[in-house]
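Read off the chains here:
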Amino acid sequence: MNKIILFFSSGFGTGYIKYAPGTFGTLLGVLLWAFFIPDKYSCHFLAIICIFAVSVFFSSLAEKIYGKKDDQRIVIDEVAGIWFSVAFLPKTLLFLSLGFVFFRFFDIKKPWFIKKVQNVKGGLGVTIDDILAGIFANIILQVLHIFIK
């Protein structure tokens with residue numbers, strides 16, 4: 001059972017990449033979104049709710065296995081965050097690329113209160129900062145979308 005938990009929490013193993021596992025987890029999230037999430041906003045809503053719940057669940061279990069808070073091998077939270085970044089936007093190379101860049105910026109820099117929410121215990125604490133980073137990225141992308149329509 002632990003192997004299944006670690007497989008999903010590590011983004012199918014991308015969390016075990018030695019350098020920049022979060023970046024590779026984010027890239028996995030972009031690819032999963034691009035190829036498997038239908039380009040219908042109702043599907044986007046369902047997808048982000050599901051990935052949020054799955055991320056919290058698997059992150060919480062993985063933390064117990066690793067014995068470490070927000071271990072870098074846990075990247076399912078990056079998958080969740082990037083999905084929030086690109087939700088409710090056209091599924092184009094432009095928006096997927098910018099979503100990746102803006103999400104990674106907010107995820108790495110953790111401005112404002114994003115850093116503070118990491119103090120929440122368990123899988124919610126692992127996931128919530130990435131969700132907030134994704135929401136901030138999405139706001140910027142929504143504004144850009146208005147101007148380039």
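Quick note: structure is the one above.
Residues numbered from 1 in each chain as written. Predicted model: local features only at pLDDT ≥ 70, side-chain atom pairs only at ≥ 80, totals over all residues. Heavy atoms only, no water.

Among the residues of helix α1 (residues 2-9), those classed as buried are I5, L6 and S9. Along the axis of α1, the buried positions cluster into a sector of 95°, meaning they face one direction only. Buried residues along α1 sit against α3 (41-66) and α4 (76-86). Positive backbone phi, at 60°, marks G11, one or two positions downstream of α1. (Buried < 20%, exposed > 50% of the residue type's maximum accessible area, 1.4 Å probe, protein only. Helix = DSSP H or I, 4+ residues; strand = E, 2+ residues; numbered from the N terminus. Arc of directions from axis to C-beta. Contact = heavy atoms within 4.5 Å.)

This structure, assessed with the given rule, holds zero disulfides. Cysteine C43 shares no disulfide, and the gap to the nearest cysteine sulfur, in C50, comes to 11 Å. (Disulfide = S-S within 2.5 Å.)

So, about unusual backbone geometry. Non-glycine residue A20 carries a positive phi angle of around 55°. Inspection of the secondary structure assignment puts A20 in the loop between α1 and α2 (21-36). Non-glycine residue D70 carries a positive phi angle of around 45°. Assignment of secondary structure puts D70 in the loop between α3 and α4. A residue is classified by how much of its surface remains accessible, and D70, at 24% relative accessible area, is partly exposed.

Moving on, we come to the packing of aromatic side chains. Counted according to the given criterion, the structure contains nine aromatic pairs. Where F8 meets F12, the ring centres are 5.9 Å apart and the plane angle is 70°; that geometry is what we call edge-to-face. Ring geometry for F105 against F106: centres 5.2 Å apart, planes inclined by 75°, an arrangement best described as edge-to-face. Here F105 falls in the partly exposed class, since its relative accessible area comes to 43%. Members of the aromatic cluster, each reached through a chain of ring pairs, are F7, F8, F12, F57 and F58. (Phe/Tyr/Trp six-rings, centres within 6.5 Å; stacked < 30°, edge-to-face > 60°.)

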